[in-house]
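Next come the chains, spelled out residue by residue.
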Amino acid sequence: MADEIKIKIGTKIEPEEAKSLDPAKRGQTAPVPQDVEDVQGQEYWTQQAIGCPWCGATNWLWVSDTYYYWYTCWNCGNPFRA
C-alpha cells in the first residue's frame, strides 16, 4: 500500500501585500519533492505538499517555523502562506 500524501491548501496573499513582505523570508517551491541535501545547514525543516490557493498546483516546499513566512507558486508565481 502506497503512502498517502495529504495536501493542505495555502492562504492567498494579495499581490499588493506581497510587495511589502521581506523577500529574504520567501521560501522556494518545486513541483516534486526535493532531496534533504538541498537544505543543508538548516535547523528544523519539514517537507510538505501545499496546494496553491490561486491555481491549484501542488507545491512541494520546505517549511521552517523560524525562517520562511511566505512562498510563491512554482507554476503561476502568485504569493501564498503555507
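Above this text sits the structure in question.
Fair warning: this is a prediction, and the values are worked out from it, not measured in the lab.

Novice: Looking at this structure, I do not really get the pairing of strand β5 (residues 46-51). What am I missing?
Specialist: Within a regular strand, the side chains alternate between the two sheet faces. Pairing of strand β1 (residues 8-9) with β5 involves 2 bridges; the strand directions are parallel. Following the sheet pairing, isoleucine 9 is matched in β5 by glycine 51. Relative to strand β6 (residues 58-63), β5 runs antiparallel, the two being bridged by 6 bridges. Directly across from glutamine 48, in β6, lies its bridge partner leucine 61. In textbook terms, the turn of a hairpin is the stretch between consecutive antiparallel strands, and for β5 and β6 this stretch comprises 6 residues, one of which, glycine 56, has a positive phi near 90°.

Novice: Is there a simple way to think about the packing of aromatic side chains in this case?
Specialist: The geometry of an aromatic ring pair comes down to the distance between the two centres and the angle between the two planes. Tallying each qualifying case throughout the model produces 1 aromatic pair. If you follow lysine 12 out to its NZ or CZ, it ends over the ring of tryptophan 54, 4.6 Å from the centre.

Novice: Just checking my understanding: could you explain the sheet that holds β1 for this structure?
Specialist: Strand pairing in a sheet relies on backbone hydrogen bonds. The paired strands run either parallel or antiparallel. Ordered by their spatial adjacency, 4 strands build an open sheet running β1-β5-β6-β4, and the pairing between neighbours is mixed. Looking at strand neighbours, the two that pair on one side only are β1 and β4 (29-30), the edges of this open sheet.

Novice: I tried to follow the sheet that holds strand β7 (residues 70-72) on my own but got confused; where do I start?
Specialist: Taken in spatial order, the 4 strands line up as β2-β8-β7-β3 in an open sheet, and their pairing is mixed. The open sheet is flanked by β2 (11-12) and β3 (26-27), the only strands paired with a single partner.

Novice: Any chance you could explain the environment of glutamine 48 here in plain terms?
Specialist: Along the chain, the position of glutamine 48 falls in strand β5. Here the alpha-carbon distance between glutamine 48 and tryptophan 60, two residues 12 residues apart in the chain, equals 5.7 Å. Residue contacts for glutamine 48: discarding those within four places in its chain leaves Asn59, Trp60, Leu61 and Val63.

Here is what the cut-offs are and how they apply
For every chain, the first residue of the written sequence is number 1, and numbering continues from 1 along that sequence. Residues qualify for local features only when their pLDDT is at least 70, as the model is predicted, and side-chain atom pairs are given and counted only at 80 or more; totals for whole chains, interfaces and linings, by contrast, use all residues. Side-chain descriptors were evaluated using all non-hydrogen atoms of the structure, hydrogens and water having been removed beforehand. Paired strands, as defined in this entry, are two strands with at least two bridges between them according to DSSP. Numbering goes from the N terminus for both helices and strands, where a helix is a DSSP run of H or I of at least four residues and a strand is a run of E of at least two. Each Phe, Tyr or Trp ring, with Trp reduced to its six-membered ring, pairs with another whose centre is within 6.5 Å; inter-plane angles below 30 degrees give stacked pairs, above 60 give edge-to-face pairs, and intermediate values give tilted ones. Only when the NZ atom of a Lys or the CZ atom of an Arg is both within 6 Å of the ring centre and within 35 degrees of the ring normal do we say a charge sits over the ring. Residues count as neighbours in contact if any of their non-hydrogen atoms are within 4.5 Å of one another.

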